[in-house]
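# What the coordinates show
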Amino acid sequence: MYRFSNTVIGFLNLFTLLASIPIIGGGLWMARSKTTCESFLQTPLLVIGFVILIISLAGFIGACFNVAWALWVYLVVMLFLIGTLLGITLFGFVVTSRGGGVEVPGRVYKEYHLEDYSPWFKKRIKDPQYWMTIKNCLLGSKTCAQIAYWTPVDYLTRDMSPVQSGCCKPPTTCSYAGTMLAQDADCYHWNNAQNLLCYDCDSCKAGVLESVKLDWHKLSVLNIVMIVLLIGIYSIGCCAFQNTKRAESDYPYGENRMSKVHPRWDFHWWRWWHDRRRQLY
């Protein structure tokens, strides 16, 4: 029974090795998404997925083949991984806690405003070089081509994704009938050309952030499940490490380690005295 924890940790590491594949897949899905074209939250997820894959392999080898140093490395990295994964999950919730769509009277879709999102998000998305990369990705995704032939009735009755609402049309409040009233700055960035549209609008940036927010909240559920699982595996891994150290010392748990018994200084005297008493009585 003393090897029970080693067996359990071996099977659990095989499981986490397989479980790391969905994490890596989720990160790749976000990185290749045609609706977000964003990578500043999914890149850490990819890194963590590959780290889980590697340390699960180390833990499996250490537990099944009694390699103590592999289990020691496994436990140290596992502790660091749990802390990192917890930190990234909390950070993701903090930076995506703000924002959301605003209802548009008479329309199904919502509109998004950049000022509603967290300062970290806004600073990141406003970097001109960074936004140019995202913009090129959006142009290549053909997201706006899906609504290019909508009729006025479609705009009244059909829904849009956050990116379509922010990037493929001007804000609903815009008026191009020669009005002298002050309008949203995005109204002046709008252009009918398919390669321009509202890609330089703040509403487009907000639409991208909303898509990232929705995707990250979905993946956070997976992160939380993995944190709970890793904490349980770490606890069992500590027992497996102790068992492996015992196995390497050639004294498994429960085996008597005494090779010689050295009697006390008065042992022989007391033995002689008891023998004499039995002879007399």
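For every chain, the first residue of the written sequence is number 1, and numbering continues from 1 along that sequence. Thresholds applied to this predicted model are a pLDDT of at least 70 for local features of residues and 80 or more for the giving and counting of side-chain atom pairs; totals over whole chains, interfaces and linings are not thresholded and use all residues. Excluding hydrogens and water, the side-chain values take into account all heavy atoms of the structure.

Per the UniProt entry, the sites bearing "transmembrane region" (unreviewed entry) are residues 12–31, 43–63, 69–95 and 219–237 in this numbering. Secondary structure elements follow DSSP: runs of H or I no shorter than four residues count as helices, runs of E no shorter than two count as strands, and numbering proceeds from the N terminus. A distance of 39 Å separates the end C-alpha atoms of residues 69–95, which is 100% helix and 0% strand. Within the segment residues 219–237, helix and strand shares are 100% and 0% respectively, and the terminal C-alpha atoms sit 26 Å apart. UniProt positions are given in the numbering used here, feature names are shortened, and annotations may be inferred rather than shown by experiment.

Quick look at the side chain of Lys135 now. Following the sequence through the fold, Lys135 ends up in helix α5 (residues 128–141). In this structure the side chain of Lys135 is engaged in a polar contact, spanning 3.3 Å, whose partner is the side chain of Asp200. By definition, residues are in contact when any of their heavy atoms lie within 4.5 Å. Excluding residues within four positions of it along the chain, Lys135 makes contact with Tyr199 and Asp200. Polar contacts here mean pairs of N or O atoms no more than 3.5 Å apart (in protein, one a potential hydrogen donor and the other a potential acceptor; neighbouring residues in sequence count only if both atoms are side-chain atoms).

Here we take up the state of the cysteines. Note on disulfides: each one is a pair of cysteine sulfur atoms within 2.5 Å. On inspection of all chains with the given rule, the structure shows 4 disulfides. Sulfur-sulfur distance for the disulfide between Cys167 and Cys204 comes to 1.9 Å. Because the torsion about its S-S bond is 90 degrees, the bridge between Cys167 and Cys204 counts as right-handed. Taken together, the residues span a long stretch of sequence, with Cys167 in helix α7 (residues 162–167) and Cys204 in helix α8 (residues 202–248) at a distance of 37 residues. One disulfide in the model links Cys198 with Cys201; its S-S distance is 1.8 Å. Judged by the torsion about the S-S bond (-85 degrees), the Cys198/Cys201 disulfide is left-handed.

Unusually for a residue other than glycine, Lys142 sits at a positive phi of about 60 degrees. With respect to the element layout, Lys142 can be found in the loop between α5 and α6 (152–157). Positive phi values are uncommon outside glycine, yet Leu197 reaches one of about 40 degrees.

Our focus in this paragraph is the packing of aromatic side chains. We call Phe, Tyr and Trp rings a pair once their centres come within 6.5 Å, taking the six-membered ring for Trp, and we label the pair stacked below 30 degrees between planes, edge-to-face above 60, and tilted otherwise. One pass over the structure, following the stated rule, counts 3 aromatic pairs. Where Trp120 meets Phe121, the ring centres are 5.9 Å apart and the plane angle is 45 degrees; that geometry is what we call tilted. Each residue's exposure class comes from its accessible area (1.4 Å probe, protein chains only) as a fraction of the maximum for that residue type: buried when under 20%, exposed when over 50%, partly exposed otherwise. A relative accessible area of 35% places Trp120 in the partly exposed class. Through a chain of ring-to-ring contacts, the aromatic side chains of Phe91, Trp120 and Phe121 assemble into a single cluster. A cation over a ring is seen here: Arg124 above Tyr130, with NZ or CZ 4.4 Å from the ring centre. Definition used: whenever NZ (Lys) or CZ (Arg) falls within 6 Å of the ring centre and also within 35 degrees of the ring normal, the charge is taken to sit over that ring.

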